[in-house]
Amino acid sequence: MSVGLRRALTTALTALQEAGLERPDAIIGGTARGQVEDTETLLTALCTEGESASMPTRFMQSTHNTVCSQIAIRTKCHGYNCTYAQGEQSLACALLDAMLQLRSGAAESVLVTLNDEGEDYTSEAMVLQTNPTSSPIGILEEVKIEHITGKGDEAQITIRKC
């Protein structure tokens, strides 16, 4: 397991612990670049070992959904699991999906993660719940994602602090 993946898993498990939750009903992630280090390892191995080498683990750890999959395995979460790779709007997409899952009644708790490798590794996670088991630090009120011609996509996330 790469350093980035271990960081992401630790961050997620810490967020769940702070929320007083062992297993979320759903796990939704956001990433702009995915697991770059693991993808580079896979591609380097393909170049040096050739396509005939067995690399199922390397391939599984190189995909964008690796973080959410590992969290699901660790927490034994068999519910909804999705990763958004929408560039800068990945977190907004993940939060919007989480709101939809909660408001529709499909889930009562959702772990939302944001993980990206790069110069500054980003690993953040939050737990959204319809009935919090601990004191909430904020209430997610609205998520808007808008496409502006000539500028691209812009997101607005409204959180009211408790």
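So, how was this worked out
- Residues numbered from 1 in each chain as written.
- Predicted model: local features only at pLDDT ≥ 70, side-chain atom pairs only at ≥ 80, totals over all residues.
- Heavy atoms only, no water.
- Buried < 20%, exposed > 50% of the residue type's maximum accessible area, 1.4 Å probe, protein only.
- Helix = DSSP H or I, 4+ residues; strand = E, 2+ residues; numbered from the N terminus.
- Pairing = 2+ DSSP bridges.
- 1 Å grid on protein atoms, 1.4 Å probe; cavity = no way out; pocket = protein on both sides within 12 Å on 5 of 7 lines; lining within 4 Å.
- Points joined across faces, edges and corners; volume = space filled by probe spheres on them.
- Nonpolar A, V, L, I, M, F, W, Y, C, P; charged D, E, K, R; others polar.
- Core = buried A, V, L, I, M, F, W, Y, C linked by side-chain atoms within 4.5 Å.
- Expected span 1.5 Å × (residues − 1).
- Contact = heavy atoms within 4.5 Å.
- Axes fitted to C-alpha atoms, helices over the stretch in contact; angles between N-to-C directions.

What to know about the pairing of strand β3 (residues 109-116)
In terms of residue burial, β3 counts as a mostly covered element, since eight of its eight residues are buried. Taking every second residue as pointing to the same face, both faces of β3 are buried, with S109, L111, T113 and N115 on one and V110, V112, L114 and D116 on the other. Summarising the sheet, strand β1 (residues 26-30) and β3 pair through five bridges and their orientation is parallel. Within the sheet, the bridge partner assigned to A26 lies in β3 and is V110.

Focus: the layout of surface pockets
By volume, the largest pocket amounts to about 750 Å³. Lining the largest pocket are 22 residues, and of these V127, L128, P136, I137 and G138 lie nearest its centre. Among the elements of the structure, α1 (3-18), α5 (90-104), β4 (122-129), β5 (138-148) and β6 (152-161) are those that each provide at least two residues to the lining of the largest pocket. Take the lining of the largest pocket: its biggest share by element is five residues, from β4. Here the residues of the lining of the largest pocket are counted per class, giving 14 nonpolar, five polar and three charged.

Some remarks on the nonpolar core
L16, I27, V67, I71, L111 and V127 are the most contacted members of the largest nonpolar core, which totals 16 residues. Grouped together as the second largest cluster of nonpolar side chains are 14 residues, A92, L102, V112 and V143 included.

Details of α5
Along an α-helix, residues three or four apart share an orientation, since each turn contains 3.6 residues. With 15 residues, α5 ought to run about 21 Å at 1.5 Å a step, and its terminal C-alpha atoms sit 21 Å apart, in line with that. Regarding α5, the residues found buried are S90, A92, C93, A94, L95, D97, A98, M99, Q101 and L102. Against the buried residues of α5 lie β1, β2 (80-84), β3, β4, β5 and β6. Where α5 ends, the next residue or the one after it, G105, has phi of about 85 degrees, a positive value.

Looking at the side chain of T75
One can find T75 in helix α4 (residues 66-75). In this structure T75 comes out as buried when scored by relative accessible area, which is 6%. Dropping the residues within four chain positions of it, T75 is found in contact with L13, L16, E22, R23, P24 and I27.

A closer look at unusual backbone geometry
Not every positive phi belongs to a glycine, and K76 is a case in point at roughly 60 degrees. In this structure K76 comes out as exposed when scored by relative accessible area, which is 54%.

A few points about the sheet that holds β4
If you walk across this open sheet you meet the four strands as β2-β1-β3-β4, and the pairing is mixed. Looking at the sheet topology across the chains shown, the edges are occupied by β2 and β4. Put simply, the sheet's adjacent strands are angled 15 degrees from each other on average, direction ignored. Note: β1 against β2, five bridges, orientation parallel. The residue bridging G29 from the neighbouring strand is T83, located in β2. Against the sheet, α5 engages β1, β2, β3 and β4, with an angle of about 170 degrees to β3.

Quick word on the environment of Q101
Along the chain, the position of Q101 falls in helix α5. Sequence separation between Q101 and D25 is 76 residues; the distance between their C-alpha atoms is 9.5 Å. If near-sequence neighbours (up to four positions away) are discounted, Q101 is found in contact with I28, Y80, A106, A107 and V110.

Honestly, that's just the spatial picture; any functional story needs more than this.
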